[in-house]
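Residue-level structural notes
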Amino acid sequence: MNRRKAPLLLAFVLLLAGSALLVFKPGSAEGPSPETDPARAQAATGPDAQALAARSRGTPATKGDAQEGPDGFGQPGGDMASYLRSRYGAHIRDPHTQMRMLEQLMRYFQQLNPTGWEADLLAVLKQAFPELYDELAQRLRQRLDYEKWMKEHRSELQDKPAAERRAAVWEERNQLFGKEVAEKIWAAELRNQAVADALTTIDALPDATVQDRMAKYKESLAKAYGEGTQAYTQAHQQELMNHFLDLGSVQKDLGAMPPEQRAQNLRSIRKEMGLDEEALKRWDSLDQQRDARWEVGSQYMSERELLAQQYSGPELESKLQELRTRYFSTEAETIAHEEESGFFRYTRPRVWGRN
């Protein structure tokens with residue numbers, strides 16, 4: 001390969017490797033996130049990739065290199081086409097893969113050639129996948145139309161309740177891409193929304209124990225992720241545990257338990273999420289530290305309240321400084337600054353297993 005052209009391909013490869021594939025991240029139930037707003041996804045490219053793409057502009061680009069012959073990288077396609085076939089060819093008929101590739105190509109070419117990027121991108125697609133060129137060109141147009149719609153309706157969408165916002169976004173996706181294709185592109189969002197809906201139902205179950213709710217939660221994960229449930233759970237253990245622990249019903253039940261029973265239930269929750277014995281022991285130790293810290297905090301707040309009833313002004317502050325030093329030692333100054341700003345950490349709700 002011509003040495004002048006190597007940096008250009010390197011920039012593109014590193015961009016593919018380093019930038020986030022925002023279209024396929026799990027969607028937020030609360031509003032347009034990057035995958036529901038490609039305009040935001042487009043801007044979310046890492047600084048390293050941006051620097052490489054900017055540096056590549058110093059190398060003769062597509063139009064200049066086109067004169068050097070059909071094998072040149074600058075010729076529409078060239079080595080980039082080979083790379084795309086190698087990276088995406090096995091699954092290129094899948095809409096999910098197509099959009100993933102197009103998102104990356106858009107970020108790359110928009111940095112390289114802001115005014116003529118679309119023609120350059122289409123030329124590479126035609127070289128890399130001639131048999132699917134019409135389909136990929138259509139997918140790009142759908143993607144751009146979707147981006148335009150999101151920009152035009154952003155304020156309107158933000159003013160809608162979450163359920164109405166999701167419905168409006170999905171209506172537009174189905175209209176632009178077709179229902180079957182849209183569901184494949186945003187499959188991760190659909191799965192996450194199904195689990196979120198299941199958690200709402202689980203939280204409302206009357207008379208269910210923590211174990212009952214966990215069993216239902218695992219059923220919802222298995223239904224959403226199928227054969228990939230174990231791998232997904234393993235990769236998102238903390239996130240999945242937090243979602244469950246944040247349920248009001250779970251917190252209410254844990255808070256009503258004696259300390260030993262609560263510790264057993266927290267361990268059971270983490271074990272159900274796939275944590276091994278060593279991790280469970282570390283969590284047991286952290287829970288004990290948290291319990292001790294909250295006990296100290298509760299005692300401190302009780303004494304602080306008594307002092308506030310008896311003293312005021314500089315005398316109160318002097319007494320509080322002594323109290324903070326006695327309870328928190330090296331953290332006393334931090335606690336004082338927090339209280340000056342109106343934040344009292346030990347009046348926050350205790351979220352069992354979380355703080």
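Details of the structure are given in the entry above.
Quick notes on the layout of surface pockets
Empty space among the atoms becomes apparent when a probe as large as a water molecule is rolled across them. Reported here for the second largest pocket is a volume of approximately 160 Å³. Surrounding the second largest pocket, Pro-259, Glu-260, Arg-262, Ala-263, Leu-266, Asp-284, Asp-287, Gln-288, Asp-291, Arg-350, Trp-352 and Gly-353 form its lining. Within the residue set of the lining of the second largest pocket, elements represented by two or more residues are α16 (259–272) and α17 (277–310). Examining the composition of the lining of the second largest pocket, we find that 5 residues originate from one element, α16, more than from any other. Of the residues assigned to the lining of the second largest pocket, the class counts are 4 nonpolar, 2 polar and 6 charged.

Some thoughts on unusual backbone geometry
Residues other than glycine seldom take positive phi values, yet Asp-207 does so here, at roughly 65°. Mapped onto the elements of the fold, Asp-207 is located in the loop between α11 (187–203) and α12 (210–225). Exposure remark for Asp-207: the relative accessible area of 80% places this residue in the exposed category. Phi at Ser-329 is positive, roughly 50°, even though this residue is not glycine.

A short note on the packing of helix α6 (residues 95–112) against helix α8 (residues 133–158)
Between α6 and α8, the least distance of the axes is 10 Å, while the angle of their chain directions is 70°. When the interaxial angle is binned, α6 and α8 end up roughly perpendicular. Relative to α8, α6 is oriented so that their crossing is right-handed. Contacts from Pro-95, Gln-98, Met-99, Met-101, Leu-102, Glu-103 and Met-106 of α6 reach α8 at Glu-135, Leu-136, Arg-139, Leu-140, Arg-143, Leu-144 and Glu-147.

Some remarks on the side chain of Arg-304
Its place among the elements puts Arg-304 in helix α17. Of the residues examined, Arg-304 reaches a relative accessible area of 17% and is grouped as buried. At 3.2 Å, the side chain of Arg-304 and the side chain of Glu-339 are in polar contact. Excluding anything up to four places from it in sequence, Arg-304 contacts Leu-320, Leu-323, Glu-339 and Phe-344.

As for the packing of aromatic side chains
A complete count under the given rule lists 12 aromatic pairs for this structure. Taking the centre distance of 5.5 Å and the plane angle of 15° together, the rings of Tyr-217 and Phe-244 count as stacked. Remark: Phe-244 occurs in helix α14 (residues 237–245) and Tyr-217 occurs in helix α12; sequence separation between them is 27 residues. By relative accessible area, which is 0% here, Phe-244 ends up buried. In this structure an aromatic cluster arises from ring pairing among Trp-294, Tyr-300, Tyr-327, Phe-328 and Tyr-346. Residue placement shows Arg-173 over the ring face of Trp-170; its charged tip is 4.6 Å from the ring centre.

Side note on the nonpolar core
Core analysis: the biggest nonpolar cluster contains 26 residues, and Val-195, Tyr-217, Leu-221, Phe-244, Leu-254, Met-273 and Leu-275 have the highest contact counts within it. For this core, the elements supplying multiple residues, two or more each, are α11, α12, α14, α15 (248–256), α16 and α17. Element by element, the count of residues in this core is highest for α12, at 6 residues. In this structure Phe-244 touches Val-210, Arg-213, Met-214, Tyr-217, Val-250 and Ile-269, once residues within four positions along its chain are discounted. Ala-81, Leu-84, Tyr-88 and Ala-128 belong to the second largest nonpolar core, which has 25 residues in total.

Description of the environment of Ala-208
Inspection of the secondary structure assignment puts Ala-208 in the loop between α11 and α12. With 41 residues separating them along the chain, Ala-208 and Ser-249 place their C-alpha atoms 8.9 Å apart. Those residues in contact with Ala-208 that sit more than four places away from it in its chain are Arg-213 and Asp-253.

A closer look at the pattern of salt bridges
Evaluated as defined, the whole model comprises 24 salt bridges. Between Glu-189 and Arg-173 there is a salt bridge whose closest N-O contact spans 3.1 Å. Of this pair, Glu-189 sits in helix α11 while Arg-173 sits in helix α9 (residues 162–177), placing them 16 residues apart in sequence. The partner of Glu-339 in a salt bridge is Arg-324, and the shortest N-O contact between them spans 2.9 Å. Highlighted residues: Glu-339 in helix α19 (residues 332–340) and Arg-324 in helix α18 (residues 313–328), separated in sequence by 15 residues. Residue Glu-339 shares its accessibility class with Arg-324, and that shared class is buried. A cluster of three or more residues bridged by salt bridges with shared partners is formed by Glu-103, Arg-107, Arg-143, Glu-147 and Lys-151.

Conventions we followed
- Residues numbered from 1 in each chain as written.
- Predicted model: local features only at pLDDT ≥ 70, side-chain atom pairs only at ≥ 80, totals over all residues.
- Heavy atoms only, no water.
- 1 Å grid on protein atoms, 1.4 Å probe; cavity = no way out; pocket = protein on both sides within 12 Å on 5 of 7 lines; lining within 4 Å.
- Points joined across faces, edges and corners; volume = space filled by probe spheres on them.
- Helix = DSSP H or I, 4+ residues; strand = E, 2+ residues; numbered from the N terminus.
- Nonpolar A, V, L, I, M, F, W, Y, C, P; charged D, E, K, R; others polar.
- Buried < 20%, exposed > 50% of the residue type's maximum accessible area, 1.4 Å probe, protein only.
- Axes fitted to C-alpha atoms, helices over the stretch in contact; angles between N-to-C directions.
- Parallel < 35°, antiparallel > 145°, perpendicular 65-115°, else oblique.
- Left-handed = near helix turned anticlockwise from the far one by under 90°.
- Contact = heavy atoms within 4.5 Å.
- Polar contact = N/O pair within 3.5 Å; in protein donor to acceptor, adjacent residues only side chain to side chain.
- Phe/Tyr/Trp six-rings, centres within 6.5 Å; stacked < 30°, edge-to-face > 60°.
- Lys NZ or Arg CZ within 6 Å of the ring centre and 35° of its normal.
- Core = buried A, V, L, I, M, F, W, Y, C linked by side-chain atoms within 4.5 Å.
- Salt bridge = Lys/Arg side-chain N within 4 Å of Asp/Glu carboxyl O.

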